[in-house]
Amino acid sequence: MPSSTGASGSGATNPEREPLLSFREDGDTESVSSKKYASVDVRAAAIVDEDDFEAGLEDVPDHKRQLGLLSTASLIFNRVIGTGIFATPSVILRSSGSVGLSLIMWLLGATVALCGTAVYMELGTGLPRNGGEKNYLEFIYRRPKLLVTCIYAMYAVLTGWQAASCSVFGEYALHALDPSHPISPNKARLAGVICITVALFLHGAALKTGLRIQNALGLFKLFVLIVIALSGLASLLRVKGFRLENPPRNFEWDRMWEGSLAGGANAFVTGLFNVIWCFIGYSNANYALAEVRDPVRTLKRAAPLAMLSVTLVYLLANVAYLAVVDKDEIVRSGRIVAALHFGKLWGVGAERAVSVIVALSTLGNILAVLFTHGRVVQELGREGVLPFSSIFASNKPFNAPFAGLFEQWLVTTSLVLLVPPGDTYLFMLNLSSYPLALINMFVSGGLLFIHLPDSWTPKKLRELRTSYGWRPPFRAWTPIVLFFFLSNIFLVAVPLIPPAKGYRVYETLPYWLHVLVAWIISLAGVVYWYVWVVWLPRRGGYVLVRDWVRDDDGTSRRVVRKVKVP
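The structure presented is a predicted model; accordingly, all values stated were derived computationally and were not measured. (Residues numbered from 1 in each chain as written. Predicted model: local features only at pLDDT ≥ 70, side-chain atom pairs only at ≥ 80, totals over all residues. Heavy atoms only, no water.)

(A) Structural context of the overall build of the chain. The helix and strand inventory of the chain stands at 22 helices and 4 strands. Sorting the 566 residues of the chain into buried and exposed places 58% on the buried side. Excluding contacts between residues fewer than 6 apart, the proportion of contacts in the chain whose partners are at least 24 apart in sequence is 79%. (Helix = DSSP H or I, 4+ residues; strand = E, 2+ residues; numbered from the N terminus. Buried < 20%, exposed > 50% of the residue type's maximum accessible area, 1.4 Å probe, protein only. Contact = heavy atoms within 4.5 Å.)

(B) Molecular detail of the pattern of salt bridges. A complete count under the given rule lists 4 salt bridges for this structure. Across the salt bridge formed by E138 and K134, the nearest N and O atoms sit 3.4 Å from each other. With E138 and K134 both in helix α6 (residues 133-140) and 4 residues apart, the pair spans about one turn of that helix. Of the charged contacts in the structure, one is a salt bridge between D326 and R255, with a shortest N-O distance of 3.7 Å. Here D326, found in the loop between α13 (295-324) and α14 (327-332), pairs with R255, found in helix α11 (residues 253-256); they are 71 residues apart in sequence, far enough to count as distant. (Salt bridge = Lys/Arg side-chain N within 4 Å of Asp/Glu carboxyl O.)

(C) Looking closely at the packing of aromatic side chains. All chains considered together, the criterion is met by 13 aromatic pairs. Each member of the aromatic cluster is reached from another via a ring pair, and the members are Y120, Y136, Y282 and F484. When the ring centre of F139 is taken as reference, the NZ or CZ atom of R142 above it lies at 4.8 Å. (Phe/Tyr/Trp six-rings, centres within 6.5 Å; stacked < 30°, edge-to-face > 60°. Lys NZ or Arg CZ within 6 Å of the ring centre and 35° of its normal.)

(D) Structural view of the environment of Q408. Among the secondary structure elements, Q408 is positioned in helix α18 (residues 402-418). Separated by 34 residues in sequence, Q408 and G374 place their C-alpha atoms 6.5 Å apart.

(E) View of unusual backbone geometry. Of the consecutive residues R143 and P144, the connecting peptide bond is found in the cis state with omega at -10°. Along the chain, P144 falls in the loop between α6 and α7 (147-158). A positive phi is found at R238, a non-glycine position, where the angle reads about 60°. Its relative accessible area of 38% is what places R238 among the partly exposed residues. Here D294, not a glycine, exhibits a phi torsion of approximately 45°, which is positive. Topologically, D294 is positioned in the loop between α12 (264-279) and α13.

(F) Representation of the side chain of H451 in the model. One can find H451 in helix α19 (residues 424-451). Residue H451 is classed as buried on the basis of its relative accessible area of 7%.

(G) Summary view of the packing of helix α8 (residues 163-177) against helix α9 (residues 185-205). Close contact between α8 and α9 brings their axes to 7 Å; oriented N to C, the two are set at 115°. As judged from the angle between their axes, α8 and α9 are roughly perpendicular. Between α8 and α9 lies a crossing of right-handed hand. Contacts between α8 and α9 involve C166, F169, G170, E171 and L174 from the former and K187, A188, A191, G192, C195 and I196 from the latter. Residue classes in the contact of α8 with α9 are distributed as 7 nonpolar, 2 polar and 2 charged. (Axes fitted to C-alpha atoms, helices over the stretch in contact; angles between N-to-C directions. Parallel < 35°, antiparallel > 145°, perpendicular 65-115°, else oblique. Left-handed = near helix turned anticlockwise from the far one by under 90°. Nonpolar A, V, L, I, M, F, W, Y, C, P; charged D, E, K, R; others polar.)

(H) Here's a closer look at α9. Its 21 residues place the ends of α9 30 Å apart at the C-alpha level, agreeing with the 30 Å of an ideal helix rising 1.5 Å per residue. Listing the buried residues of α9 in full gives A188, R189, A191, G192, V193, C195, I196, A199, L200, L202, H203 and G204. (Expected span 1.5 Å × (residues − 1).)

(I) α7, seen in detail. End to end, α7 covers 17 Å across 12 residues, agreeing with the expected 16 Å (1.5 Å per residue, within 8%). For α7, the buried fraction is high: 11 of the 12 residues fall into the buried class. Along α7, the residues that are buried comprise L147, V148, T149, C150, I151, Y152, A153, M154, Y155, A156 and V157.

(J) Representation of the confidence of the model for the chain within the structure. With 85% of its residues at a pLDDT of 70 or more, the chain has an overall mean of 78. Predicted confidence in the chain is weakest over strand β2 (residues 40-43), with a mean pLDDT of 30, and strongest over helix α5 (residues 99-126), with 92. Low pLDDT, under 50, characterises residues 1-58; the stretch is placed with 126 contacts to residues that sit more than four places away or in other chains. (pLDDT = per-residue confidence, 0-100.)

Take a look at the structure:
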């Protein structure tokens, strides 16, 4: 295999410079240590040794670390509070069958999210680099090299993370224009496409303007939820101006549990997926830890602060909805429950105003998600993982990752336009949630393996675990890691169970379709890995080598490059 002298010049082989497959040669790689790759002048600078891997992970110039405690907490808070709390309570209530069980589902979702927060705090403090799950999967599942990277890349590229939000934006925007008439599915889809297109050009061609709008929209999300929560509590307490002539009886004990589990286990899990989607974002700061000041200390404070605040506000908002709107009306409402809440209190005019507010909040979420995932695609291009890497890695022509943003726009728009009306929102929501459950299952399962005591593992596995050298500054309690792992196994397995007779997950689509699509994406990652890492190198007479390199701005990253076999 190509040899590496490393930074110390000792001549020891650095595993980070080994070919990605077990091909050996006696040549020297220094002759190919400088070349043009993905529009970056790659210099093979061995900035870390294998024994000092953790130190290299934090090798970031100080001027790049611009995020403090509040900014880091805002990354999580603004990502979590998107469309879910406004759009999904009706879906969750329908899936659970009763008011009481729906509230339990919200508590379960919050518990899973808080356990996930602890898991990602441990991983983030142990590997404080940009990239999130990609880094953790690569760290834990090291063989075959680049396999998990390729699978993750397929999810990053092929999953339309903003599609569900675009569907919600279209419905709320049209409801604001005319709350008295039913919403046309085709018009709602067109409005969603217009929304993601505006977001594309804001972040792709007018970056500073897009960021200003994104930040401004994020600031009032909390305000909207506080208003909803306080108004609902005021209605429960019969405060003047919030008193209803015929208040709903949702909290009467007998009525609270009517219809529980009417749709069976599959319906319950579908609802739980929707709850968990509302909490998605607890790992959002992990994507940008290289830009956080004192990342270990900051993450340990910011993540619990953000997620505990979200949990409290979410529970209060659900109580507020149920205090004002009757259960049956919520279920029939589709996804306009927040607008119905204000309409009941202050009339159709208020309902229209709230629809405008929620549509703008949804736009803010679309901007935030497109901003981050466009950069995930760019980073995969910068590492040489994707085809046409030079295009995806580029910031031309507007000093923004327009190619990565456009790729996300293309996938999202295709999903919004192609999924049949009536099933659009729920299918796209499940298609985003199920892959996350798969990723979380493998991430937490790998971390659980590292946590296991020696007496529970064979000798060979003990040696493998020791090779990780895992000493994170924050360590999650092992039962929490186990619960998060088991909860994700549950979320991955139960959607395969047929729904109860008379209950349909989708109106026209088979109940298992989102599961099939997710596993097809995984299989596509495996096929892509085999072609790129195994088949093409054998035919082309080269090996792939992964290097640590340093860019002109002082930041380090990893790239995959070809080394010709002499």
